[in-house]
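Spelled out from the first residue to the last, the chains are:
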Amino acid sequence: MKKSKLLADVAAARRASGENQSEFWSRFGVTQSGGSRYERGRSLPTPLKILMLLYDAGSIDDQDLANVRKGLGKKQ
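Residues numbered from 1 in each chain as written. Predicted model: local features only at pLDDT ≥ 70, side-chain atom pairs only at ≥ 80, totals over all residues. Heavy atoms only, no water.

S.K.: What am I meant to see in the pattern of salt bridges here?
M.R.: Pairing of side chains with opposite charge becomes possible as their charged atoms draw close. Under the criterion given, the structure shown has three salt bridges. The salt bridge partner of Arg14 is Glu39, with a shortest N-O separation of 2.8 Å. Taken together, the residues span a long stretch of sequence, with Arg14 in helix 2 (residues 10-17) and Glu39 in helix 4 (residues 32-39) at a distance of 25 residues. Pair check on accessibility: Arg14 and Glu39 agree, each one buried. Between Asp62 and Arg27 there is a salt bridge, and its shortest N-O distance comes to 2.5 Å. (Salt bridge = Lys/Arg side-chain N within 4 Å of Asp/Glu carboxyl O. Helix = DSSP H or I, 4+ residues; strand = E, 2+ residues; numbered from the N terminus. Buried < 20%, exposed > 50% of the residue type's maximum accessible area, 1.4 Å probe, protein only.)

Shown next, in the form of structure tokens:
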């Protein structure tokens, strides 16, 4: 499987999206400070990698993620 551009360099992918850290990482249920650590090289947990790969492949979108957060009782 070809490595995702998103996972290859999450900081560059986030900057290319035009979003700040809070906007980008909250999509995946990650705080800004957690996302900052990942962008500085901390290893992404496997479940987060899977979620990000599904998002990058277009298998899930922002609405899907929002629906799941809503179902978990998390704010949008």
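Picking up where we left off.
S.K.: Looking at this structure, how should I read helix 6 (residues 62-71)?
M.R.: Given 3.6 residues per helical turn, the α-helix brings residues three or four places apart onto the same face. Leu65, Ala66 and Arg69 are the residues of helix 6 that are buried. Down the axis of helix 6, the sector holding all buried residues measures 100°, keeping them to one side. Residues of helix 6 that are exposed and angled more than 90 degrees away from the buried face: Lys70 and Gly71. Where helix 6 starts, the residue carrying a side-chain oxygen 3.1 Å from the main-chain nitrogen of Gln63 turns out to be Asp61. (Arc of directions from axis to C-beta. Polar contact = N/O pair within 3.5 Å; in protein donor to acceptor, adjacent residues only side chain to side chain.)

S.K.: Looking at this structure, how should I read the side chain of Arg14?
M.R.: Since its relative accessible area comes to 12%, Arg14 is described here as buried. At a separation of 3.2 Å, a polar atom in the side chain of Arg14 contacts the main-chain carbonyl oxygen of Glu19. Leaving out residues up to four positions away in the same chain, Arg14 has contacts with Glu19, Asn20, Gln21, Phe24 and Glu39. (Contact = heavy atoms within 4.5 Å.)

S.K.: Got a minute to help me understand the environment of Leu54 in this structure?
M.R.: Within the element layout of this structure, Leu54 appears in helix 5 (residues 46-56). Residue classification places Leu54 among the partly exposed positions, given a relative accessible area of 36%. Leu54 has contacts with Ser59 and Ile60, leaving out every residue within four places of it along the chain.

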